[in-house]
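Descriptive analysis of the structure
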Amino acid sequence: MKRRRRGLECIWRKSRDVSDQARAKAAIKAYSVALRAARKVFTTARIASAANRPSELFRVVGELLRPSEVQGLPDDLATGCSDFAHHFAGKVAQIRLELDSSSIVVSAEVTEVPVCSILWDSFRLVLPDDVEGILGSVRATTCALDPCPSWLVKLAKDGLLDWFVTIINASLVQGSVPSYFKQAVVKPLLKKPSLDPSICNNYRPISNLPFLGKVLERVVATQLQEFLDDTDFLDCSQSGFRPGYSTETALVALVDDLRRELDRGSVTLLVLLDISAAFDTIDHGILLGRLAGMGLGGTVLQWLRSFLEGRSQMVKLGDTCSDPWPLTCGVPQGSILSPMLFNIYMKPLGEVIRSFGGCCHLYADDTQIHYSFPSNSKEAPRILNQCLAAVADWMRRNKLRINPDKTEALLVSRPSDRGIGWQPVLDGVALPLKSQVRSLGVLLDSALTLEAQVSAVAGRAFAQLKLVRQLRPYLVKSDLTTVVHALVTSRLDYCNALYVGLPLKTARKLQLVQRSAARLITGASYRERSTPLFKELHWLPFTFRSQFKVQTIIYKALNGLGPTYLRDRISYHKPARSLRSSGEALLSPLPLSQARLVGTRERAFSAVAPRLWNSLPTEIRHAPTLLAFKKDLKTWLFRCAFGE
């Protein structure tokens, strides 16, 4: 078609005949229509291939908008693989060497296994139905060590189930992990596009494990999670990789603590610790001691020991691989079990921090310490520095290295108390107080206004909208909606429980993003009102979306589906005598004496949660399931927003 168009165009340029011009214009128009249709089909197919996989959708849309340049491989792949392998192995070895050379005598808390009766000594064997369910939930990521693509394994699972069950049960009974499952292929990934790709230190190692090994890990992880839930072993402030916990629940609790301390007139110092290569430097002996101390024994402990020991990995560039090297410490980052084992490893840290009167919130290796004190306190600097010294000492004893240069500190206080005149000291390094810090992806400032966070979210969201607008001619409405939800709405919804009670001038920035997204999807003009567009798309306005998130968190906390640290902040109202409202599941409001500041009354979770929950109709508060609660809540909020 393109050749025919060019031919007719050449004929017209030579003849200058009106009829030839008409035929050339018709061919050009037909070619443009066909090209746009082909692009629409291609784009729709690419987006459909990433359905229900947000991370994959991000990647696909990024490739459609900005075709990525192929990362240049070294001319000598064998040398490149060897260089990366030496770098990744040497980095961990150097950290361990520094820790070993600076470490004092290791205390009994680390080396001795606490006396504990064995609570779990054997795995529950799996059935074909169990394995079939796990195969459906595990992502089809193929490792270079796999004999065939993982998607093919999932398609052919009916004929392979019995074989899988035999392998998995044999591993569980014998307490041994096949050596093939303990190999990993590492792909170096550039940390940021702006970094120099010729420097090995600018890359992070991404491990890829055999597919069937992940299925086996999922079986063990499921049973281990049940044991952790039954024994309530993990630290109450640990939110990483736990069902019902998230970065949002951790931040809601953290900001609530900070606001409550502000209301009391206290000054709070927030320290965000940075741990270098945390997962890669875990000591196997210490971890096995903790596992035994929590009541594991028999084939369970034997299996976990086999999982940790005898591991190896190799770097792969193109079709060339480096020589494998053994891993004597650490847990593989691409593993399903590793985050759970890391949480167990870090459990004593919370006790160390709380012993000095401090508080902490943990999300895997992201550790947030906050210590509150009166502004005129003379003892606070000494106690806080002792706490940080104890934390640094605990890290060294447990073979973890804190990076003081990347550790951040923020003073949260009223304007009159900002100049405290001292800096906290961590591992001999004074930590400068910053005007804002990024905690779990959210920018926090000294007054907790969240203005910097809102501005950053709005800026990134508008940039994404500008890029998505380029794809609009090639997307049907349903695909366009999917892309907008993945790239724009998800940014507005991340930790939007913190946005409840924002001043109008701050919230307006995010409202404008939502309006622009609605106009992009519907094709409405800039001057058209957004309310009818939200109704057409069945979107809740921004402020109601924040309320929806908070009320969902409350429901989960009250019904045992969320963190205990949020459940402890709210309580059911218990009147002194029997009233008609006794059975309506109302929450006790925060006393006015504990919510004197407007910021506390309007934005602290402890104060906002009872007010929002008590405003719900009784039948919604008594919803039997989370799904039913969300459905009824959205309907009710939709009516409140649009007056229906």
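Parameters at a glance
- Residues numbered from 1 in each chain as written.
- Predicted model: local features only at pLDDT ≥ 70, side-chain atom pairs only at ≥ 80, totals over all residues.
- Heavy atoms only, no water.
- Domains from an automatic or database assignment.
- Axes fitted to C-alpha atoms, helices over the stretch in contact; angles between N-to-C directions.
- Helix = DSSP H or I, 4+ residues; strand = E, 2+ residues; numbered from the N terminus.
- Parallel < 35°, antiparallel > 145°, perpendicular 65-115°, else oblique.
- Left-handed = near helix turned anticlockwise from the far one by under 90°.
- Contact = heavy atoms within 4.5 Å.
- Nonpolar A, V, L, I, M, F, W, Y, C, P; charged D, E, K, R; others polar.
- Disulfide = S-S within 2.5 Å.
- Buried < 20%, exposed > 50% of the residue type's maximum accessible area, 1.4 Å probe, protein only.
- Phe/Tyr/Trp six-rings, centres within 6.5 Å; stacked < 30°, edge-to-face > 60°.
- Lys NZ or Arg CZ within 6 Å of the ring centre and 35° of its normal.
- Core = buried A, V, L, I, M, F, W, Y, C linked by side-chain atoms within 4.5 Å.
- Pairing = 2+ DSSP bridges.
- Patch = residues over 30% accessible without salt bridge, like charges linked within 9 Å, V, L, I, M, F, W, Y side chains within 5 Å.
- Areas by Shrake-Rupley, 256 points an atom, 1.4 Å probe, with all protein chains shown as cover.
- Salt bridge = Lys/Arg side-chain N within 4 Å of Asp/Glu carboxyl O.
- Lys, Arg positive; Asp, Glu negative; His and termini not counted.
- Charge placed at Lys NZ, Arg CZ, Asp CG, Glu CD.

As named in an unreviewed UniProt entry, the protein chain is Reverse transcriptase domain-containing protein, taken from Anolis carolinensis.

Our focus in this paragraph is the domain arrangement of the protein chain. By the assigned domains, the protein chain splits into domain 1 (1–50), domain 2 (81–235 + 284–328), domain 3 (239–279 + 341–448), domain 4 (451–539) and domain 5 (544–642). On a C-alpha basis, the centres of domain 2 and domain 5 stand 40 Å from each other.

A pair of packed helices is characterised by two quantities: the angle between their axes and the separation of those axes. In the contact formed by helix α9 (residues 211–231) and helix α13 (residues 338–345), the axes pass within 10 Å of each other and the chain directions differ by 30°. In terms of orientation, α9 lies roughly parallel with respect to α13. Relative to α13, α9 is oriented so that their crossing is left-handed. Judged by residue contacts, Ala221, Leu224, Gln225 and Leu228 of α9 engage Met340, Leu341 and Ile344 from α13. Residues belonging to the contact of α9 with α13 are distributed by class as follows: six nonpolar, one polar and no charged.

Attention shifts here to the state of the cysteines. Counted under the stated rule, the structure contains zero disulfides. Lacking any disulfide linkage, cysteine 148 is separated from the closest cysteine sulfur, that of cysteine 143, by 12 Å. A residue is classified by how much of its surface remains accessible, and cysteine 148, at 29% relative accessible area, is partly exposed.

Another point: the packing of aromatic side chains. For the structure shown, the criterion picks out 17 aromatic pairs. With 4.4 Å between their ring centres and 5° between their planes, phenylalanine 279 and phenylalanine 342 make a pair best called stacked. Pair noted here: phenylalanine 279 is in the loop between β4 (275–276) and α11 (284–293) and phenylalanine 342 is in helix α13, with a separation of 63 residues, a long-range link. Exposure class is identical for phenylalanine 279 and phenylalanine 342. Each is buried. Over the ring of phenylalanine 307 we find arginine 311; its NZ or CZ atom is 4.7 Å from the centre of that ring. Looking at arginine 519, its charged tip hangs above the ring of tyrosine 526, at a distance of 5.4 Å from the centre.

Leu444, Val484, Ile554 and Phe605 are the most contacted members of the largest nonpolar core, which has 87 residues in total. Those residues in contact with leucine 444 that sit more than four places away from it in its chain are Leu254, Val255, Leu270, Leu410, Ser435, Gln436, Val437, Ser439 and Leu450. Judged by nonpolar contacts, the second largest core, of 80 residues, contains Trp120, Leu172, Phe227 and Ile336.

Here valine 219 is to be found in helix α9. Distance from valine 219 to isoleucine 336, taken between C-alpha atoms, is 9.9 Å for residues 117 residues apart in sequence. Contact partners of valine 219, with chain neighbours within four places excluded, come to Val126, Ile134, Ile168 and Leu172.

With that settled, consider the sheet that holds strand β3 (residues 266–273). Either a parallel or an antiparallel arrangement is found when strands of a sheet pair, and the pairing is made through backbone hydrogen bonds. In space, the five strands of this open sheet follow the order β8-β9-β3-β11-β14, with mixed pairing throughout. The sheet is open, and its two borders are formed by β8 (359–363) and β14 (433–434), each paired with just one other strand. Across the face of the sheet, helix α14 (residues 347–354) comes into contact with β8 and β9 (366–374) while running at roughly 160° to β8. Contacts from helix α15 (residues 380–397) reach β3 and β9 within the one sheet, and its direction differs from that of β9 by about 160°.

Attention shifts here to a nonpolar patch on the surface. Where nonpolar side chains cluster on the molecular surface, the patch consists of Trp151, Leu152 and Leu155 and spans about 350 Å² of accessible area. Relative to the elements of secondary structure, leucine 152 occurs in helix α7 (residues 150–155). A residue is classified by how much of its surface remains accessible, and leucine 152, at 37% relative accessible area, is partly exposed.

Most of strand β5 (residues 311–317) is tucked away: six of the seven residues are buried. Direction of pairing for strand β1 (residues 183–190) relative to β5: parallel, over a ladder of four bridges. Within β5, the position partnered with valine 186 by the bridge is valine 315. In terms of strand pairing, β5 meets strand β7 (residues 325–327) through three bridges, oriented antiparallel. Residue pairing for β7: arginine 311 is matched across the bridge by leucine 327. Note that β5 and strand β6 (residues 320–321) share two bridges and pair antiparallel. Among the inter-strand pairings, lysine 316 is bridged to a residue of β6, identified as cysteine 321. Turn length for the β5-β6 hairpin, with the two strands adjacent in sequence and antiparallel, is two residues, and the turn residue glycine 318 shows positive phi of about 65°.

This part is about α13. Among the eight residues of α13, eight are classified as buried, and the element is accordingly described as predominantly covered. Within α13, burial applies to Ser338, Pro339, Met340, Leu341, Phe342, Asn343, Ile344 and Tyr345. Packed against the buried residues of α13 are α9, α11, α12 (298–308), α14 and α15.

As a further point, take a negative patch on the surface. A contiguous patch of negative charge on the surface is contributed by Asp129, Asp130, Glu132 and Asp158. When residues in the negative patch are grouped by element, the largest group, three residues, is from helix α6 (residues 128–137). Relative to the helices and strands, aspartate 130 resides in helix α6. For aspartate 130, a relative accessible area of 37% gives the class partly exposed.

Taken together, the side chains of Lys91, Lys191, Lys192, Arg204 and Lys406 present a region of like positive charge at the surface. Tracing the backbone shows lysine 406 in the loop between β10 (401–402) and β11 (408–412). Taking relative accessible area as the criterion, lysine 406 reaches 56% and is therefore assigned exposed.

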